[in-house]
Amino acid sequence: MTEHIASLADLRHEIDVLDDQIQDLLRRRAEAVEKVAVTKRATGGDNRFFLRCGREAQILRRLLARQHGPLPGPALVRINRELIGALYDLQAAVRVAVLAPNKSVARWDIARDHYGSTVPMLLCATATSAMREISAQAATIGVMPMPEDGEKDPWWPMLANNGAETPRVLAKLPFVPNPRGRLADLNALVIGRCPPEASGDDRSLVVLQMSGAGVSLARVGSLLAQAGIAGQVLAQHTSGGQDARLLLDIADFHDETSAPLVALRAAAPDMVQDITVIGAYAVPMAE
């Protein structure tokens, strides 16, 4: 009995030692981020655009790839996301606008899970108010509902222009689903005014403006195949006039000059009125 108690005491001491080492490493991690911020300022970097969603995805993928042992993957991600969010302030203040009509808590929770407990968040009841907060720089990023076909007043057409201040899609949440959590089936998109960043495994969101209100999805699918684009239509929207806007989710990281999108425009110049890349996101990890 005495030996068993002594063994537990040794294990608890080992845990205390490990906790101290973890704390020391966390301090070093924070100091490294602080040096990054200092270096950026010294070299004229623009801290308004310091968010690196692609880089963050690469960090989490690397850590998950080397993960083994009893700690669950979602817990590892949550710990590191808490650390990333806590250190944002070393570079610039971050505030998250969450579009959650009727004060729904689900999207608030998914945003809090990703950005951590220390990042300020504000609740927005409408897409217009969320966009206003971002435009006024009261919010750095917005967490928006995943677009669905048939929505009466979708938010994504607001991004379908090439204005320098227009927000872009930067990420998709959750990056690692927690199959044990109540939010396992909920998805959201993150928008912000910094440029999207490739992570090495990405998808792009593209708004395709087509002439005619009754655009055949089969015809769109044929045009995508002709241009060598792997993707799908997430939603379509017609407002006023006869033109329809379709939201495409396509493989890889693109801008308007990408060869596949140039080929898409050339495939049906009489039908394709405009193509706007409204952002991209790192493909989330499957649990």
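Residues numbered from 1 in each chain as written. Predicted model: local features only at pLDDT ≥ 70, side-chain atom pairs only at ≥ 80, totals over all residues. Heavy atoms only, no water.

1. Section: the packing of helix α3 (residues 73-86) against helix α4 (residues 105-115)
Each pair of packed helices can be summarised by the angle the axes make with each other and by the distance between the axes.
Here comes step 1: Closest axis-to-axis distance for the α3/α4 pair is 6 Å, and the angle between their directions is 80°. With respect to α4, the axis of α3 lies roughly perpendicular. Packed against α3, whose contacting residues are R78, R81 and G85, the element α4 presents D113, H114 and Y115 at the interface.
Here comes step 2: Split by residue class, the contact of α3 with α4 holds 1 nonpolar, 2 polar and 3 charged. (Axes fitted to C-alpha atoms, helices over the stretch in contact; angles between N-to-C directions. Helix = DSSP H or I, 4+ residues; strand = E, 2+ residues; numbered from the N terminus. Parallel < 35°, antiparallel > 145°, perpendicular 65-115°, else oblique. Contact = heavy atoms within 4.5 Å. Nonpolar A, V, L, I, M, F, W, Y, C, P; charged D, E, K, R; others polar.)

2. Quick notes on the confidence of the model for the protein
Here comes step 1: Predicted confidence across the protein gives a mean pLDDT of 89, with 91% of residues reaching 70 or more.
Here comes step 2: Across the protein, the element-wise mean pLDDT spans from 89 in helix α1 (residues 2-42) up to 97 in strand β4 (residues 168-173). (pLDDT = per-residue confidence, 0-100.)

3. Here we look at a nonpolar patch on the surface
Here comes step 1: A cluster of nonpolar side chains, L18, I22 and L26, forms an exposed patch at the surface whose accessible area comes to about 250 Å².
Here comes step 2: On the secondary structure map, L18 appears in helix α1. (Patch = residues over 30% accessible without salt bridge, like charges linked within 9 Å, V, L, I, M, F, W, Y side chains within 5 Å. Areas by Shrake-Rupley, 256 points an atom, 1.4 Å probe, with all protein chains shown as cover. Salt bridge = Lys/Arg side-chain N within 4 Å of Asp/Glu carboxyl O.)

4. As for the nonpolar core
Here comes step 1: In this structure, W155, V169, I191, L205 and I278 are the most contacted members of the largest nonpolar core, which totals 25 residues.
Here comes step 2: If you list the elements that add at least two residues to this core, you get β1 (96-99), β2 (121-124), α5 (127-135), β5 (188-192), β6 (202-210), β7 (231-238) and β9 (272-282).
Here comes step 3: Counting residues per element, this core draws most heavily on α5, at 4 residues.
Here comes step 4: Excluding residues within four positions of it along the chain, W155 makes contact with A127, M144, P145, P147, V169, L189 and I191. (Core = buried A, V, L, I, M, F, W, Y, C linked by side-chain atoms within 4.5 Å. Buried < 20%, exposed > 50% of the residue type's maximum accessible area, 1.4 Å probe, protein only.)

5. Some details on the environment of A30
Here comes step 1: Note on placement: A30 falls in helix α1.
Here comes step 2: For A30 and Y115, which are 85 residues apart along the polypeptide, the C-alpha to C-alpha distance reads 16 Å.
Here comes step 3: The residues contacting A30, other than those within four sequence positions of it, are L87 and L90.

6. A word on the environment of L247
Here comes step 1: Along the polypeptide, L247 turns up in strand β8 (residues 244-251).
Here comes step 2: Looking at L247, the relative accessible area reads 1%, which means it is buried.
Here comes step 3: C-alpha of L247 to C-alpha of Q232: the two residues are 15 residues apart in sequence and 8.5 Å apart in space.

7. Some thoughts on the environment of V283
Here comes step 1: Here V283 lies in the segment after β9.
Here comes step 2: The class of V283 is partly exposed, set by a relative accessible area of 22%.
Here comes step 3: A C-alpha to C-alpha distance of 9.8 Å links V283 and S204, two positions 79 residues apart in sequence.
Here comes step 4: Contact partners of V283, with chain neighbours within four places excluded, come to R61, F175, D201, D202 and R203.

8. Details of the pairing of β9
Here comes step 1: With 9 of 11 residues buried, β9 is to be regarded as a mostly interior element.
Here comes step 2: Relative to β9, β6 is paired through 9 bridges, and the arrangement is antiparallel. Bridge assignment links D202 to a residue of β9, and that residue is A282. (Pairing = 2+ DSSP bridges.)

9. Observations regarding the packing of aromatic side chains
Here comes step 1: Under the counting rule described, the total for this entry stands at 1 aromatic pair.
Here comes step 2: Judged by centre distance (5.8 Å) and plane angle (75°), the ring pair of F50 and Y88 falls under edge-to-face. Linking F50 in the loop between α1 and α2 (53-65) with Y88 in the loop between α3 and β1, this pair joins segments that are 38 residues apart in sequence. For the pair F50 and Y88, a shared accessibility class is recorded, and that class is buried. (Phe/Tyr/Trp six-rings, centres within 6.5 Å; stacked < 30°, edge-to-face > 60°.)

10. A short note on the packing of α2 against α3
Here comes step 1: Here α2 crosses α3 at 145°, and the two axes come no closer than 10 Å. In the packing of α2 onto α3, the handedness of the crossing is right-handed. Only G73, L76, V77, N80, R81 and I84 of α3 make contact with α2, whose side of the interface consists of E56, L60, L63 and L64. (Left-handed = near helix turned anticlockwise from the far one by under 90°.)

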